[in-house]
Amino acid sequence: MNRPATRSLSKQFRFEQPKSPPVVVNFNRGLVTSDAGLNLIAEIDRKLQITSQFAQCFQDYRKPYRIDHSIENLIRQRIYGLVMGYEDLNDHEELRHAPMFAHAA
């Protein structure tokens with residue numbers, strides 16, 4: 001009887017660049033997400049102020065006392081969703097509970 005070859009994967013990976021602190025990724029416990037790249041996108045956005053400048057192109061005609069989310073936050077949510085491959089707005093109902101999206105937005 002032939003048994004399939006099993007391969008032991010390391011539970012931790014290090015990504016190192018010269019003159020930079022290492023980035024360590026481990027799979028020992030906790031929540032796992034495929035959306036971790038959103039942190040980088042959000043940081044670039046914060047530094048370059050892309051979504052905040054884009055939001056200034058819109059006039060908000062809503063009544064201030066009825067506003068829960070600013071135009072900037074709505075734009076940020078939509079753009080981040082598109083960047084991460086969530087084209088449909090119905091995906092955002094689930095994404096609102098995703099820790100990476102909450103952290104980024």
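Residues numbered from 1 in each chain as written. Predicted model: local features only at pLDDT ≥ 70, side-chain atom pairs only at ≥ 80, totals over all residues. Heavy atoms only, no water.

An unreviewed UniProt entry annotates the protein as Spore coat polysaccharide biosynthesis protein SpsF, cytidylyltransferase family of Nostoc flagelliforme CCNUN1.

The helix and strand tally for the protein stands at 5 helices and 2 strands. Moving toward the C terminus, one meets the helices and strands of the protein in the order β-β-α-α-α-α-α. In the protein, which comprises 105 residues, the proportion classed as buried is 15%. (Helix = DSSP H or I, 4+ residues; strand = E, 2+ residues; numbered from the N terminus. Buried < 20%, exposed > 50% of the residue type's maximum accessible area, 1.4 Å probe, protein only.)

A separate point is the confidence of the model for the protein. Across the protein, pLDDT averages 78, with 68% of residues at or above 70. Within the protein, no element has a lower average pLDDT than strand S1 (residues 12-15), which sits at 65, and none a higher one than helix H2 (residues 50-55), at 96. (pLDDT = per-residue confidence, 0-100.)

What follows deals with helix H3 (residues 71-83). Spanning 13 residues, H3 covers 18 Å between terminal C-alpha atoms, matching the ideal 18 Å at 1.5 Å per step. Where H3 terminates, the next one or two residues include Gly 85, which has phi positive at roughly 95 degrees. (Expected span 1.5 Å × (residues − 1).)

Tallying each qualifying case throughout the model produces 1 aromatic pair. With 5.3 Å between their ring centres and 90 degrees between their planes, Phe 54 and Phe 58 make a pair best called edge-to-face. Here Phe 58 falls in the partly exposed class, since its relative accessible area comes to 43%. (Phe/Tyr/Trp six-rings, centres within 6.5 Å; stacked < 30°, edge-to-face > 60°.)

For the rest of this paragraph, the subject is unusual backbone geometry. For Gln 49, which is not glycine, the phi dihedral falls at a positive 55 degrees. Mapped onto the elements of the fold, Gln 49 is located in the loop between helix H1 (38-48) and H2. Judged by relative accessible area, Gln 49 falls into the partly exposed class, the value being 43%.

Our next topic: the packing of H1 against H3. In a packed pair of helices, the relevant descriptors are the angle between the two axes and the axis-to-axis distance. The contact between H1 and H3 brings their axes to 11 Å, and the two run at 135 degrees. Between H1 and H3, the angle falls in the class oblique. Pair H1 / H3 crosses with right-handed handedness. In this structure, H1 uses Leu 38, Ile 41, Ala 42 and Asp 45 to contact H3, whose residues at the interface are Arg 76, Tyr 80 and Val 83. Of the residues assigned to the contact of H1 with H3, the class counts are 5 nonpolar, no polar and 2 charged. (Axes fitted to C-alpha atoms, helices over the stretch in contact; angles between N-to-C directions. Parallel < 35°, antiparallel > 145°, perpendicular 65-115°, else oblique. Left-handed = near helix turned anticlockwise from the far one by under 90°. Contact = heavy atoms within 4.5 Å. Nonpolar A, V, L, I, M, F, W, Y, C, P; charged D, E, K, R; others polar.)

With that settled, consider the environment of Arg 62. Assignment of secondary structure puts Arg 62 in the loop between H2 and H3. If we ignore the near neighbours within four places in the chain, the residues touching Arg 62 are Ile 67, His 69, Ser 70, Ile 71 and Leu 74. Only 3.0 Å separates the side chain of Arg 62 from the backbone oxygen of His 69, close enough to count as a polar contact. (Polar contact = N/O pair within 3.5 Å; in protein donor to acceptor, adjacent residues only side chain to side chain.)

A word on a nonpolar patch on the surface. On the surface, Leu 40, Ile 44, Leu 48 and Ile 50 cluster together into a nonpolar patch covering about 390 Å² of accessible area. For the nonpolar patch, the element with the most residues is H1, which contributes 3 residues. Of note, Leu 40 is situated in helix H1. (Patch = residues over 30% accessible without salt bridge, like charges linked within 9 Å, V, L, I, M, F, W, Y side chains within 5 Å. Areas by Shrake-Rupley, 256 points an atom, 1.4 Å probe, with all protein chains shown as cover. Salt bridge = Lys/Arg side-chain N within 4 Å of Asp/Glu carboxyl O.)

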